[in-house]
Amino acid sequence: MPDAEDVRRIALSLPDTTEKIAWSMPTFRVAGKMFATLPEEETSIAVRCPKEERDELALAEPEKFWIADHEAQFAWVRVRLAALEDDAELRDILADSWRQAAPTRLLEAHPRLGLPPAG
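Keep in mind it's a predicted model, so treat the numbers as computed, not measured.

Re the layout of surface pockets
Phase 1 of the analysis: Taken as a whole, the largest pocket holds about 410 Å³ of empty space.
Phase 2 of the analysis: Along the walls of the largest pocket sit 21 residues, with Glu89, Asp92, Ile93, Asp96 and Gly114 positioned nearest its centre.
Phase 3 of the analysis: The set of elements that each furnish at least two residues to the lining of the largest pocket consists of β4 (44–48), α2 (51–60), β6 (76–80) and α3 (87–101).
Phase 4 of the analysis: In terms of residue count, α3 provides more of the lining of the largest pocket than any other element does, seven residues in total.
Phase 5 of the analysis: Of the residues that constitute the lining of the largest pocket, the class distribution is twelve nonpolar, one polar and eight charged.
Phase 6 of the analysis: Lining the second largest pocket we find Trp23, Met25, Met34, Thr37, Pro39, Glu40, Ala46, His70, Glu71, Phe74, Trp76 and Arg78.
Phase 7 of the analysis: Along the lines of polarity and charge, the residues of the lining of the second largest pocket split into seven nonpolar, two polar and three charged.

In structure tokens:
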């Protein structure tokens, strides 16, 4: 089961990512734009997710994904770390969120990052 240190290690391994404390919690940013936070005693993460996908995830896997009331109007979803299978799943989730926040220059420099494997 991934934990807060795994979140930090994986998030900071993504290109041009920094950690910054905001709202009294760790946040992770690519080129200054937030793509993940580590709230609630660090047992979950919040990541960017298009609203349509977010709603589907929360309905399909409520034990893993949920929408926090104060984030409902934004394209973010919460992920319970205890419900993740392994570091690979955590990396996929963080990389997908990173892609949504990264500027074009980074997306062009890392075209496969956060995308499902070809094939």
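Re unusual backbone geometry
Phase 1 of the analysis: Its identity as a non-glycine residue notwithstanding, Ser24 has a phi of 65°, on the positive side.
Phase 2 of the analysis: Tracing the sequence through the fold places Ser24 in the loop between β1 (17–22) and β2 (25–30).
Phase 3 of the analysis: Here Ser24 falls in the exposed class, since its relative accessible area comes to 75%.
Phase 4 of the analysis: In this structure, Glu40 is a non-glycine residue whose phi angle is positive, near 50°.
Phase 5 of the analysis: As for its position among the elements, Glu40 is in the loop between β3 (33–37) and β4.

What to know about the environment of Arg78
Phase 1 of the analysis: If you trace the backbone, Arg78 turns up in strand β6.
Phase 2 of the analysis: Sequence-wise, Arg78 and Thr17 are 61 residues apart; in three dimensions their C-alpha atoms are separated by 20 Å.
Phase 3 of the analysis: Once you skip the residues sitting within four places of it in the chain, Arg78 turns out to touch Pro39, Glu40, Ser44, Ile45, Ala46, Lys64, Phe65, Trp66, Ala68, His70 and Glu71.
Phase 4 of the analysis: Of note is the side chain of Arg78, whose polar atom sits 2.3 Å from the side chain of Glu40.
Phase 5 of the analysis: There is a polar contact of 3.0 Å between the side chain of Arg78 and the side chain of Glu71.

Focus on the pairing of β4
Look at any regular strand and the pattern is simple: side chains alternate between the two faces of the sheet.
Phase 1 of the analysis: The buried count for β4 comes to four of five residues, which makes it a mostly enclosed element.
Phase 2 of the analysis: Across two bridges, the pairing between β3 and β4 is antiparallel. Among the inter-strand pairings, Thr37 is bridged to a residue of β4, identified as Ala46.
Phase 3 of the analysis: The antiparallel hairpin formed by β3 and β4 contains six residues in its connecting segment, where Glu40 sits at a positive phi of about 50°.
Phase 4 of the analysis: As judged from the five bridges shared by β4 and β6, these two strands associate in the antiparallel manner. Within β6, the position partnered with Arg48 by the bridge is Trp76.

Cut-offs and rules
- Residues numbered from 1 in each chain as written.
- Predicted model: local features only at pLDDT ≥ 70, side-chain atom pairs only at ≥ 80, totals over all residues.
- Heavy atoms only, no water.
- 1 Å grid on protein atoms, 1.4 Å probe; cavity = no way out; pocket = protein on both sides within 12 Å on 5 of 7 lines; lining within 4 Å.
- Points joined across faces, edges and corners; volume = space filled by probe spheres on them.
- Helix = DSSP H or I, 4+ residues; strand = E, 2+ residues; numbered from the N terminus.
- Nonpolar A, V, L, I, M, F, W, Y, C, P; charged D, E, K, R; others polar.
- Buried < 20%, exposed > 50% of the residue type's maximum accessible area, 1.4 Å probe, protein only.
- Contact = heavy atoms within 4.5 Å.
- Polar contact = N/O pair within 3.5 Å; in protein donor to acceptor, adjacent residues only side chain to side chain.
- Pairing = 2+ DSSP bridges.

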